[in-house]
Amino acid sequence: MIEAFEGELTVMWTEPVVWIPAVSMTIGGLITVIVCVVLLRRRRRFRDTCTATVPGIVSEVREDSDNDGTLWSPTFSYTVDGRERTLESGTWSRPARFKEGDAVTVHYDPFQPDHAWVREDRGGTILLFAFLAGGSLDLIVGVVWPFLWSALQQ
């Protein structure tokens, strides 16, 4: 029985329709998952250093256009130690999620007040989790594909 299974695996891996998608999806999924986990851990460590909070405001909403229409990205202003600071969002949205004058809470590092983040500005985190889910799916399909293909051939 083991010899029959080994023979089946050998035949399965000699066919490009099996090994090309399996290997490429497994490697691509693994790379995507690793990169997303590293970036999410860095984001968590950065946010853990931002222990102080201060009220902030959306001081500007930048506009940019592409083939699909207009995108918006907020700039937040906050004051620490009597000095006004700004924080530009790294994400763009459609439709605009913020408008000028919106109140937000800014979390900042008390030792480096320019290092800050805004909880309401979740676009980057959501995107990382979406890529993590996609990479995980690629990884699972890449590992399962040879067995699924083998079962479909019988």
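These figures come from a predicted structure and were not determined experimentally.

Asker: Help me understand the side chain of Arg47 in this model?
Answerer: Looking at where Arg47 falls in the secondary structure, it is placed in helix α2 (residues 16–49). No salt bridge is formed by the buried Arg47. Its closest oppositely charged neighbour is Asp121, at 7.1 Å. Leave out the neighbours within four places in its chain, and Arg47 touches Trp117, Asp121 and Thr125.

Asker: Explain the packing of aromatic side chains to me, please; I cannot follow it from the model alone.
Answerer: Given two aromatic rings, one states the distance between the centres and the angle between the planes to describe the pair. One pass over the structure, following the stated rule, counts 2 aromatic pairs. Taken together, a centroid distance of 5.4 Å and an interplanar angle of 90 degrees make the contact between Phe76 and Phe98 edge-to-face. Of this pair, Phe76 sits in strand β2 (residues 69–80) while Phe98 sits in the loop between β3 (83–88) and β4 (103–109), and the two are 22 residues apart along the sequence. Exposure remark for Phe76: the relative accessible area of 0% places this residue in the buried category. Residue classification places Phe98 among the buried residues on the basis of a relative accessible area of 11%. A cation over an aromatic ring shows up here: Arg47 above the ring of Trp117, its NZ or CZ 4.0 Å from the ring centre.

Asker: Help me understand the pattern of salt bridges in this model?
Answerer: Pairs can form between side chains of opposite charge once their charged atoms are near each other. Here the structure, examined in full by the defined rule, presents 4 salt bridges. Here Arg62 ties to Glu88 by a salt bridge, and the two come within 3.3 Å at their closest N and O atoms. With a gap of 26 residues between them, Arg62 in strand β1 (residues 52–66) and Glu88 in strand β3 connect regions that are remote in the sequence. For Glu88, a relative accessible area of 53% puts it in the exposed group.

Asker: Help me understand the UniProt feature "domain: DUF3592" (unreviewed entry) in the protein, please; the structure alone is not making it clear to me.
Answerer: Feature annotation in UniProt assigns "domain: DUF3592" (unreviewed entry) to the following positions: residues 54–120. Secondary structure across residues 54–120 divides into 0% helix and 67% strand, with the first and last C-alpha atoms of the span separated by 14 Å.

Asker: What is the right way to look at the environment of Arg83 in this model?
Answerer: With respect to the helices and strands, the residue Arg83 is situated in strand β3. With relative accessibility at 47%, the residue Arg83 sits in the partly exposed group. Counting along the chain gives 30 residues from Arg83 to Pro113, while the straight-line C-alpha distance between them is 9.7 Å. Not counting the four nearest positions on each side in its chain, Arg83 is found in contact with Tyr78 and Asp114.

Asker: What am I meant to see in a nonpolar patch on the surface here?
Answerer: Residues Trp19, Ile20, Val23, Ile27, Ile31, Val35 and Leu39 make up a contiguous nonpolar surface patch of roughly 590 Å² in combined accessible area. Among the secondary structure elements, Val23 is positioned in helix α2.

Asker: Is there a simple way to think about the nonpolar core in this case?
Answerer: Nonpolar side chains tend toward joint burial in soluble globular proteins. Counting 14 residues, the largest nonpolar core has Phe76, Tyr78, Val104 and Val106 as the members making the most contacts within it. At the level of secondary structure, the elements contributing two or more residues to this core comprise β1, β2, β4 and β5 (112–118). With 4 residues, β1 is the single largest residue contributor to this core. Look past the residues within four positions of Val104 in its chain and what remains in contact with it is Val54, Pro55, Gly56, Ile57, Val58, Phe76, Phe98, Val118 and Glu120. Of all hydrophobic cores here, the second largest spans 5 residues; its members include Val33, Leu40, Leu128 and Leu132.

Criteria and thresholds
Residues numbered from 1 in each chain as written. Predicted model: local features only at pLDDT ≥ 70, side-chain atom pairs only at ≥ 80, totals over all residues. Heavy atoms only, no water. Helix = DSSP H or I, 4+ residues; strand = E, 2+ residues; numbered from the N terminus. Buried < 20%, exposed > 50% of the residue type's maximum accessible area, 1.4 Å probe, protein only. Lys, Arg positive; Asp, Glu negative; His and termini not counted. Salt bridge = Lys/Arg side-chain N within 4 Å of Asp/Glu carboxyl O. Contact = heavy atoms within 4.5 Å. Phe/Tyr/Trp six-rings, centres within 6.5 Å; stacked < 30°, edge-to-face > 60°. Lys NZ or Arg CZ within 6 Å of the ring centre and 35° of its normal. UniProt positions renumbered as here; feature names shortened; annotations may be inferred. Patch = residues over 30% accessible without salt bridge, like charges linked within 9 Å, V, L, I, M, F, W, Y side chains within 5 Å. Areas by Shrake-Rupley, 256 points an atom, 1.4 Å probe, with all protein chains shown as cover. Core = buried A, V, L, I, M, F, W, Y, C linked by side-chain atoms within 4.5 Å.

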